Amino acid sequence: MIEEKYESISPADFFYRNKEIAGFDNPARATYTILRELVENSLDSCENNGITPDVEIRMIRINDTNGVLTSKISENGDLFKIRVIDNGGGVPQEHIPLAFGQVFYGSKYRLKQARGLFGLGGKMAILYGQITANTTVEVASATLGSRFVHYYELMIDITKNKPLQLKRKILENTDGWHGTMISFSFIGDYYKAKSRIIEYLWQTSIILPYASIKFIDPDGVMYAFERKTESMPKRPREILPHPHGVDVELLKRLIIKSKGMTLKEFLIENFQRVGPKKAEKFLGYAGFQPDLRVEKLNQDMIAKLSAAMKNFSEFLPPDASGLSPIGKELLKIGIEESTDAEFVHVVQRPPSSYEGHPFIVETAIAYGGKIQPAGEGEVNLYRFANKIPLLYDVYNDVSMKVIKKIDWNNYKLKIYNEPIAFFVHICSTKIPYKTVGKEYIAEQPEVAREIELGLRENARYLSAYLSRKRVEEMSRTRLNVLSKYLKLIAKYSSELTGLPELVNLPTETQIEEVVKQ
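Residues numbered from 1 in each chain as written. Predicted model: local features only at pLDDT ≥ 70, side-chain atom pairs only at ≥ 80, totals over all residues. Heavy atoms only, no water.

## Comments concerning the overall build of the chain
When you go through the chain residue by residue, the secondary structure sums to 13 helices and 14 strands. For the chain, whose C-alpha radius of gyration is 30 Å, the value lies well above the compact-globule estimate of 24 Å for 517 residues. On the principal axes, the C-alpha backbone points of the chain span a range of 115 × 80 × 60 Å. Per element, the accessible surface of the chain, about 25900 Å² overall, is 51% carbon and sulfur. Between the centroid of the 69 positive side chains of the chain and the centroid of its 65 negative side chains there is a distance of 3 Å. (Helix = DSSP H or I, 4+ residues; strand = E, 2+ residues; numbered from the N terminus. Rg over C-alpha atoms; globule rule 2.2 N^0.38 Å. Areas by Shrake-Rupley, 256 points an atom, 1.4 Å probe, with all protein chains shown as cover. Lys, Arg positive; Asp, Glu negative; His and termini not counted. Charge placed at Lys NZ, Arg CZ, Asp CG, Glu CD.)

This is the structure we're talking about:
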């Protein structure tokens with residue numbers, strides 16, 4: 001009999017062994033994912049502090065000491081260095097080593113909308129750089145109003161999931177800068193990832209028209225996505241969990257923190273939109289006494305309470321103040337400025353929920369301008385989740401499935417052959433992603449329904465616009481024909497009737513009035 005060997009591994013070690021599940025499948029995908037994760041962290045830092053984002057990205061291919069480009073490190077990639085600088089709120093110096101050197105350490109474990117939820121993406125990027133290029137990560141950060149800039153050089157102890165601090169400096173903040181700079185090397189394939197990266201930045205400028213993003217690529221080409229407005233969406237605030245989204249484990253954690261409370265007090269204190277009357281009504285439904293102390297609950301009672309919370313239908317819908325949708329006006333600015341579309345219509349659906357998680361769907365449809373027909377069987381679909389463009393696995397996404405299900409003939413729209421583009425943004429405290437890589441959204445029935453209702457409203461407005469446009473074009477054609485032949489008509493009419501030829505012919509305006517009748 002072969003003796004099995006048992007061991008535990010750290011979170012950093014797990015993702016070192018399974019980096020593909022976080023979007024680091026190959027050098028090209030890793031290059032795109034690294035840039036995206038760093039940009040998202042910068043944007044979160046700016047928005048959380050109410051700052052219009054200025055983000056600069058520089059990526060270079062590493063030269064050797066003679067200034068000659070290195071040969072390929074392997075058949076699959078070259079050595080690159082990336083540096084991202086933002087004007088966000090910065091990271092407090094006491095948190096910098098752990099924030100950049102420990103997987104699952106961060107400030108995003110709160111119940112409110114954020115791009116990242118796991119504290120994983122940025123660290124995975126650093127980890128990928130470390131295991132492919134064996135170099136340190138440089139971090140410099142200054143918080144708002146700080147007199148100093150704190151500089152660190154770090155590596156990650158993968159087996160212990162701990163930061164290794166190799167260098168630290170404290171510098172005078174002479175120009176009052178605030179934000180974060182991060183830089184490290186990695187083996188990637190920029191040239192295969194280039195189109196995705198440019199597409200990602202362009203789509204980011206659509207969903208964030210208030211952001212300024214500059215990217216200088218390894219060839220020295222600068223891509224500038226200028227700020228289109230100074231207005232920003234409202235910031236989300238942290239909210240309490242909704243009773244429908246609670247499981248046994250979360251209940252146990254909350255009970256430990258609530259010793260001494262009655263069940264009624266416990267519900268009011270720990271859950272959103274539960275007042276005294278609602279708490280008493282629920283406890284009556286669940287078969288618990290309101291004045292029972294929470295520490296008296298045994299395992300079976302906790303399981304019973306959890307099940308009852310999921311099934312009680314009279315809780316109010318989840319609080320949407322933890323969300324930060326873009327808004328109709330900003331989304332319209334982003335689409336119009338980026339596509340030059342002649343028609344844009346945006347819908348923001350009212351807040352809804354799935355499994356106790358609030359969400360809001362925003363949809364838009366655009367026509368004309370730089371938009372090209374998608375082609376038979378294809379769809380111009382731009383998807384966003386918590387303000388993140390989603391570029392991969394479009395055909396598995398809920399938005400594409402909804403679009404394919406709708407009969408667009410009912411709206412007289414030819415979505416494959418006309419210059420039509422769809423935009424879908426979903427914001428939630430928990431996006432139902434299908435993978436850790438955050439590339440496509442699962443087909444949650446509640447989410448699918450809201451997308452469909454939004455797109456159908458968009459379609460009605462576009463259909464009405466195109467109908468008016470076709471009538472106007474037809475009138476214009478008739479006007480042109482009449483204007484062209486009016487003199488000849490007057491001449492031949494005079495010859496046929498023997499009457500004098502009209503001298504004062506109708507003006508184009510008068511003809512247009514007749515054509516409209």
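## Concerning a nonpolar patch on the surface
Taken together, the side chains of Val481, Leu482, Tyr485, Leu488, Ile489 and Tyr492 present a nonpolar region at the surface, about 520 Å² in accessible area. Relative to the helices and strands, Leu482 is located in helix 12 (residues 445-497). (Patch = residues over 30% accessible without salt bridge, like charges linked within 9 Å, V, L, I, M, F, W, Y side chains within 5 Å. Salt bridge = Lys/Arg side-chain N within 4 Å of Asp/Glu carboxyl O.)

## Examining the sheet that holds strand 4 (residues 148-157)
The strands that make up a sheet are held in pairs by hydrogen bonds between backbone atoms, and each pair lies either parallel or antiparallel. Strand order in the open sheet made by the eight strands is 5-4-3-6-2-1-7-8, with mixed pairing throughout. Strand pairing shows two members of the sheet lacking a second neighbour, strand 5 (162-172) and strand 8 (222-225), which therefore form its edges. Mean inter-strand twist for the sheet, computed between neighbouring axes without regard to direction, equals 15°. Each of strand 1 (54-61), strand 2 (78-86), strand 6 (179-188) and strand 7 (212-216) is contacted by helix 2 (residues 27-48), which is oriented at about 175° to strand 6, the strand it contacts most. Where helix 4 (residues 121-133) meets the sheet, it contacts strand 2, strand 3 (137-142), strand 4 and strand 6, and its direction lies at approximately 40° from that of strand 6. (Pairing = 2+ DSSP bridges. Axes fitted to C-alpha atoms, helices over the stretch in contact; angles between N-to-C directions. Contact = heavy atoms within 4.5 Å.)

## Brief notes about the nonpolar core
Core analysis: the largest hydrophobic core is formed by 69 residues, its most contacted members being Leu35, Ile57, Ile82, Phe184 and Phe215. Leaving out residues up to four positions away in the same chain, Leu35 has contacts with Ile57, Met59, Ile82, Ile197, Tyr200, Leu201 and Phe215. Counting residues in each nonpolar core, the second largest holds 35 residues, with Val398, Phe422, Ile426 and Ile451 among its members. (Core = buried A, V, L, I, M, F, W, Y, C linked by side-chain atoms within 4.5 Å. Buried < 20%, exposed > 50% of the residue type's maximum accessible area, 1.4 Å probe, protein only.)

## Quick word on unusual backbone geometry
We note that Asn386 has phi near 45°; this positive angle belongs to a residue other than glycine. Relative to the helices and strands, Asn386 resides in the loop between strand 12 (381-385) and strand 13 (388-390). Under the relative-accessibility criterion, Asn386 is labelled buried at 2%. We note that Lys387 has phi near 70°; this positive angle belongs to a residue other than glycine.

## Looking at the packing of helix 5 (residues 190-207) against helix 10 (residues 328-339)
At a minimum axis distance of 7 Å, the contact between helix 5 and helix 10 shows a crossing angle of 135°. Classified by the angle between their axes, helix 5 and helix 10 sit oblique to one another. Touching Trp202, Ser205, Ile206 and Ile207 of helix 5 are Leu331, Gly334, Ile335, Ser338 and Thr339, all from helix 10. Looking at the contact of helix 5 with helix 10 residue by residue, the class counts come to five nonpolar, four polar and no charged. (Parallel < 35°, antiparallel > 145°, perpendicular 65-115°, else oblique. Nonpolar A, V, L, I, M, F, W, Y, C, P; charged D, E, K, R; others polar.)

## A few points about the pattern of salt bridges
Per the stated rule, a full pass over the model turns up 26 salt bridges. When the shortest N-O distance is used, the salt bridge between Glu418 and Arg470 registers 3.4 Å. With Glu418 in the loop between helix 11 (398-405) and strand 14 (420-428) and Arg470 in helix 12, the pair connects residues that are 52 residues apart, well separated along the chain. Look at Arg470 and you get partly exposed, because its relative accessible area is 36%. In this structure, Arg456 engages Glu452 in a salt bridge whose closest nitrogen and oxygen atoms are separated by 3.0 Å. Taken together, the residues Arg456 and Glu452, both in helix 12 and four residues apart, mark about one turn of the helix. Classification of Arg456 as partly exposed rests on a relative accessible area of 22%. A single salt-bridge network, built from bridges that share partners, covers Asp25, Arg29, Arg36, Glu37, Glu40 and Glu439.

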